[in-house]
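# Structural overview for review
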2 protein chains.
Amino acid sequence: MKRENIPQIEWQFSERAQQLKSSIIREILKVTQRPEVISFAGGLPSPNTFPAERMRAGFDKILSTSGTTALQYGPTDGYPPLREFIANSLSKNGATILPEQVLMVSGSQQGLDLIGKVLLDEGSKAIVETPSYLGALQAFSVYQPKFESVAMDEHGLRPADVAAKGKDARLLYCLPNFQNPTGLTLSEDRRAELVDVCAALRIPLLEDDPYGALCYRGEPLPTMLSMNPDGVIYMGSFSKVLTPGVRLGYVVAPVPLARKLEQAKQAADLHTAQLTQMVVHEVIKDGFLSEHIPTIRTFYSGQCDIMLDALRKFFPAGVTWTKPDGGVFIWVRFPKHIDTMALSNEALAQNVAFVPGAPFYADNPETNTLRLSFVTVSRERIYEGIEKLGKLIASKL
Amino acid sequence: MKRENIPQIEWQFSERAQQLKSSIIREILKVTQRPEVISFAGGLPSPNTFPAERMRAGFDKILSTSGTTALQYGPTDGYPPLREFIANSLSKNGATILPEQVLMVSGSQQGLDLIGKVLLDEGSKAIVETPSYLGALQAFSVYQPKFESVAMDEHGLRPADVAAKGKDARLLYCLPNFQNPTGLTLSEDRRAELVDVCAALRIPLLEDDPYGALCYRGEPLPTMLSMNPDGVIYMGSFSKVLTPGVRLGYVVAPVPLARKLEQAKQAADLHTAQLTQMVVHEVIKDGFLSEHIPTIRTFYSGQCDIMLDALRKFFPAGVTWTKPDGGVFIWVRFPKHIDTMALSNEALAQNVAFVPGAPFYADNPETNTLRLSFVTVSRERIYEGIEKLGKLIASKL
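Now for a quick tour of the structure.

Analysis parameters
Residues numbered from 1 in each chain as written. Chains lettered and ligands numbered in written order. Predicted model: local features only at pLDDT ≥ 70, side-chain atom pairs only at ≥ 80, totals over all residues. Heavy atoms only, no water. Axes fitted to C-alpha atoms, helices over the stretch in contact; angles between N-to-C directions. Helix = DSSP H or I, 4+ residues; strand = E, 2+ residues; numbered from the N terminus. Parallel < 35°, antiparallel > 145°, perpendicular 65-115°, else oblique. Left-handed = near helix turned anticlockwise from the far one by under 90°. Contact = heavy atoms within 4.5 Å. Core = buried A, V, L, I, M, F, W, Y, C linked by side-chain atoms within 4.5 Å. Buried < 20%, exposed > 50% of the residue type's maximum accessible area, 1.4 Å probe, protein only. Buried area = accessible area lost by both parts, 1.4 Å probe. Salt bridge = Lys/Arg side-chain N within 4 Å of Asp/Glu carboxyl O. Polar contact = N/O pair within 3.5 Å; in protein donor to acceptor, adjacent residues only side chain to side chain. Nonpolar A, V, L, I, M, F, W, Y, C, P; charged D, E, K, R; others polar. Pairing = 2+ DSSP bridges. Expected span 1.5 Å × (residues − 1). 1 Å grid on protein atoms, 1.4 Å probe; cavity = no way out; pocket = protein on both sides within 12 Å on 5 of 7 lines; lining within 4 Å. Points joined across faces, edges and corners; volume = space filled by probe spheres on them. Phe/Tyr/Trp six-rings, centres within 6.5 Å; stacked < 30°, edge-to-face > 60°. Arc of directions from axis to C-beta.

This paragraph deals with the packing of helix α14 (residues 340–349) of chain B against helix α15 (residues 379–394) of chain B. All names here are of chain B. Their axes nearest at 11 Å, the elements α14 and α15 cross at an angle of 130°. The pairing of α14 with α15 is recorded here as oblique in orientation. Our pair here, α14 against α15, has a crossing hand that is right-handed. Facing Leu343, Glu346 and Ala347 of α14, the residues of α15 in contact are Leu389, Leu392 and Ile393.

Ranked by size, the top nonpolar core spans 262 residues in total, and within it A:Phe238 and B:Phe238 carry the most contacts. Ignoring sequence-local partners within four residues, the contact set of A:Phe238 consists of A:Leu82, A:Ile86, A:Met104, A:Thr243, A:Leu248, A:Tyr250, A:Val280, A:Ile284 and A:Leu289.

Turning our eyes to something else, we now look at the interface of chain B and chain A. In this complex, chain B contributes 94 residues to the contact, which on the side of chain A involves 94 residues. Summed over both sides, the interface of chain B with chain A buries roughly 8500 Å², with 58% coming from carbon and sulfur. When the buried surface of chain B facing chain A is broken down by residue, B:Trp11, B:Leu71 and B:Tyr73 rank first, second and third, together holding 9% of it. Counting every contact that joins chain B to chain A gives six salt bridges. Between A:Arg56 and B:Asp60 there is a salt bridge; the shortest N-O distance is 2.5 Å. Remark: the boundary between chain B and chain A carries 42 residue pairs in polar contact (both at pLDDT 80 or more). Ranked by residues supplied to the side of chain B that touches chain A, first place goes to helix α11 (residues 255–269) of chain B with nine residues. Per-class residue counts for the side of chain B that touches chain A are 46 nonpolar, 29 polar and 19 charged.

Residue and element names in this part refer to chain A. Spatial ordering of the open sheet is given by β11-β12-β15-β14, a layout of four strands whose pairing is antiparallel. Only two strands of the sheet have a single neighbouring strand rather than two, namely β11 (320–321) and β14 (355–356). One ladder, built from two bridges, connects β11 with strand β12 (residues 329–333); its direction is antiparallel. When the bridges of β12 are listed, Thr320 appears paired with Arg333.

Packed helices, taken two at a time, are described by the angle between their axes plus the distance between the axes. All names here are of chain B. Running from amino to carboxyl end, helix α6 (residues 108–119) crosses helix α7 (residues 134–141) at an angle of 35°, the nearest separation of the two axes being 8 Å. Considering only the axes of α6 and α7, their crossing is right-handed. Contact residues: Gln109, Leu112, Asp113 and Gly116 in α6; Gly135, Ala136, Ala139 and Phe140 in α7. Broken down by class, the residue content of the contact of α6 with α7 amounts to four nonpolar, three polar and one charged.

Moving on: the pattern of salt bridges. Any two side chains of opposite charge can pair, so long as their charged atoms come close to each other. Enumeration according to the criterion identifies 46 salt bridges over all chains in this entry. Between B:Asp168 and B:Lys167 there is a salt bridge, and its shortest N-O distance comes to 3.1 Å. One exposure class covers both B:Asp168 and B:Lys167, and it is exposed. Each member of the salt-bridge network shares a partner with another, and the members are A:Lys61, A:Glu282, A:Lys285 and A:Asp286.

Residue and element names in this part refer to chain B. Along its twelve residues, α6 runs 16 Å from first to last C-alpha, staying within 8% of the 16 Å computed at 1.5 Å per residue. Of all twelve residues in α6, twelve are buried; the element is thus mostly enclosed. Along α6, the residues classified as buried are Ser108, Gln109, Gln110, Gly111, Leu112, Asp113, Leu114, Ile115, Gly116, Lys117, Val118 and Leu119.

This part covers unusual backbone geometry. Along the chain, A:Thr130 connects to A:Pro131 via a cis peptide bond; the corresponding omega equals 0°. Relative to the helices and strands, A:Pro131 is located in the loop between β3 (125–129) and α7 (134–141). In this structure, B:Leu270 is a non-glycine residue whose phi angle is positive, near 65°. Considering the arrangement of structural elements, one finds B:Leu270 in the loop between α11 and α12 (274–284). Taking relative accessible area as the criterion, B:Leu270 reaches 14% and is therefore assigned buried.

With that out of the way, let us pick up empty space enclosed by the protein. Scanning all chains against the criterion turns up five cavities of 30 Å³ or more. Taken as a whole, the largest cavity spans an internal volume of roughly 120 Å³. Around the largest cavity, the lining is made up of 13 residues, and of these A:Ser106, A:Ala273, B:Ser106, B:Val246 and B:Ala273 lie nearest the centre. Tallied by class, residues from the lining of the largest cavity come to four nonpolar, seven polar and two charged. If you add up the space inside the second largest cavity, you get close to 60 Å³. Lining the second largest cavity we find A:Cys198, A:Ala199, A:Ile203, A:Leu205, A:Asn228, A:Asp230, A:Gly231, A:Val232, B:Pro7, B:Gln8 and B:Ile9. Classifying every residue of the lining of the second largest cavity by side-chain character gives seven nonpolar, three polar and one charged.

To continue, consider the pairing of β12(A). All names here are of chain A. Burial of β12 is extensive: four of the five residues sit out of reach of the surface. The sheet contact formed by β12 and strand β15 (residues 369–373) spans five bridges and is antiparallel. Looking at the pairing, Arg333 lines up with Thr369 of β15.

What follows deals with the environment of A:Pro181. Residue and element names in this part refer to chain A. Of note, Pro181 is situated in the loop between β7 (171–174) and α9 (188–201). Look at Pro181 and you get buried, because its relative accessible area is 0%. Considered as a pair, Pro181 and Ser373 are 192 residues apart in the sequence and their alpha carbons are 9.2 Å apart. Not counting residues within four places of it along the chain, the set of residues in contact with Pro181 comprises Pro131, Ser132, Tyr133, Phe329, Ile330, Trp331, Phe360 and Arg371.

Moving on, we get to the environment of A:Pro244. Residue position: A:Pro244 is located in the loop between β9 (232–237) and β10 (249–252). Given the relative accessible area of 0%, A:Pro244 is considered buried. Taking the C-alpha atoms as reference points, A:Pro244 and A:Gly107, 137 residues apart in sequence, are found 7.8 Å from one another. In this view, A:Pro244 contacts A:Pro45, A:Phe50, A:Ser239, B:Leu71, B:Gln72 and B:Tyr73; residues no more than four positions away in its chain are not counted.

Glancing now at the packing of aromatic side chains. Per the counting criterion, the structure on display carries 17 aromatic pairs over all chains. Taking the centre distance of 4.0 Å and the plane angle of 10° together, the rings of A:Phe59 and B:Phe59 count as stacked. In this pair, A:Phe59 is assigned in helix α3 (residues 52–65) and B:Phe59 in helix α3 (residues 52–65), connecting two distinct chains. With a centroid separation of 6.0 Å and an interplanar angle of 85°, the aromatic rings of A:Tyr211 and A:Phe329 are classed as edge-to-face. Of this pair, A:Tyr211 sits in the loop between β8 (205–208) and α10 (224–227) while A:Phe329 is found in strand β12, placing the two residues 118 residues apart along the sequence. By relative accessible area, A:Tyr211 is classed as buried at 4%. The exposure class of A:Phe329 is buried, given its relative accessible area of 1%. Among the aromatic residues, ring-to-ring pairing joins A:Phe315, A:Trp321 and A:Phe334 into one connected group.

What follows covers helix α14 (residues 340–349) of chain A. Since the α-helix turns once every 3.6 residues, residues separated by three or four places project in the same direction. Residue and element names in this part refer to chain A. Within the sequence span of α14, burial applies to Thr340, Leu343, Ser344, Ala347 and Leu348. Down the axis, α14 shows its buried residues gathered within 135° of arc, on one side only. The exposed set on the far side of α14, more than 90 degrees from its buried face, consists of Asn345 and Ala349. Here the buried face of α14 lies against α2 (24–31), β13 (352–353), β14, β15 and α15 (379–394).

The values are spatial; any link to function lies outside them.
And the structure:
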């Protein structure tokens, strides 16, 4: 029975927990559940791309033939055949990646958390792009680093700025392909230069690559992992090429770091579901992704073209935006006096949603920017939503 | 191409990462993969208890009818119908638990990590049992608390010792039902007393209950959650009553803490797989567990009786052990001069495995103790393994 008249707790949170805030994106997404809202805010993949029947057949097969293994506890580092598959698929451009470098994680976000946990002390310098992926800033913030933002231009982050600011940094975080939030790609020359700069300064280089396979123009650029497997930490995910619902990603790290991350993973959640890993391996082992990914590319690049067309038609002069070669995001920049946080509320009142740019900056936010996702909205509604936004903006100029 | 002649990184880990060690249990489990080893070391449930066909049918149904929802990103706090199911099932003994108190996590281990992250600063006092669950010690250690061990006897942890040592503690961790590693149960009087002591000292009381449903004798005792829903954090899991392979557990916390844990979960891995949660809800929503759990109880309690019988037959005088009322573990205590860490190597040479007791102590380990699991070994091999161990021990007395 309930104890009567006992004192209430006043919750005292740890210092690191006091850094935690809810993501503004998740807050906006709650509002955009209403069907009348045209939402360019989400970072979700289109459910049209989910191979539900393939996944169903995969679960059916694994649970029919290997149920007791799949439903038991499994190894912390992951399901060996899947780790081997990933190591092989990343052994390109002359690099050899070993299965023992691969740690399976419960989505890339967990990779970010484990890397922050293992590499960052309070006050450690962590270098990030300007702007950077919000989820990474959140994950690292828990460990209370000092962020150092480095400049970007249309070719991505500027290695010279890393050389200038990077001394004693414990981590450089970079999203080289079709970056979230800008859609920009780090050029091949810059990749080589960044690898050299980080190696010279002994900075671990974290290459986050959830969108690399979603390349709409030209050839995919080589990974920085392939340029320096002993100094680069690479993160990949099945969320954008298969389904985010299974929460499956991977970290590829030099062996000493991989073992430390494995220990951190063991303390954090023992291991990622063996069942899921076996099913994903079953689904992809015979080349399914090489049939499936081109269908996503075709669909998303068509969506991207529609949005770029709509922006040209409906956005007034004085507004600029990126033209991504892949991925799911376009980044828009307005004249300085436009505050997109205020604009967001006005747009929501007209049932159009986007994510204001400010939260993507570790410091000194540019409040005249915003992020648009082009993959989940129908083509008609992209035109409708961008036209509404364009009129709203025109009224401010 | 690989960059040539670039400097190598020397990995520098965070202070918290330097606390991380691999679990000795996982190390022993690697050795016990050999089929000739009779292993009482694992904490794994018996795969005979996994409802593989039910799970297969569940995945089949959810992926056939709700594939796009199940395969998309989901809410951080979890799948609402499952949270409601759990809240209802814990609303007993006069307590009302709200769905918003329930946070779905990727196995209980993640609950331990998130609670440590949110409540413990470096040097915070964390009270644990003597001995305590190794995975909890590992999870909390990352956050560098100061552990304070409190005494146990055959009725479980002693609340008077908490009253004596608990001032300013940030957490008390307790596993009241069929404790891992001892198999002991905290008596009902002690539960009420512990709730009162913790409330008086404003200590958050963490009640970890993975085994509560596996009760072989008498009636299940009321949860401490039901005695003080505003001051107790409760953790449950589907690992021991359904399958560990889906990595699904839950934390039930007073609302202010639940929201902070939700923020920590978002930064740690966004959310637990929606697909898995929908399938588990589908499997259990119509009362499956009330048919299924009794079959596990019957099987495990038979295993327990066999091991207790074998211990009586083959262990020499001077050795004592617990007689658990449920769960999966028996705790054995030898005369002081026996070091079970050394004994473990000798036993392994004879193809018998157990877990030495020392790692379960936050400090001052009793090196003359060990843990036996009775659920995964066949009855014949339980007799065989305990006979071998008994002879080995007799030779030391």
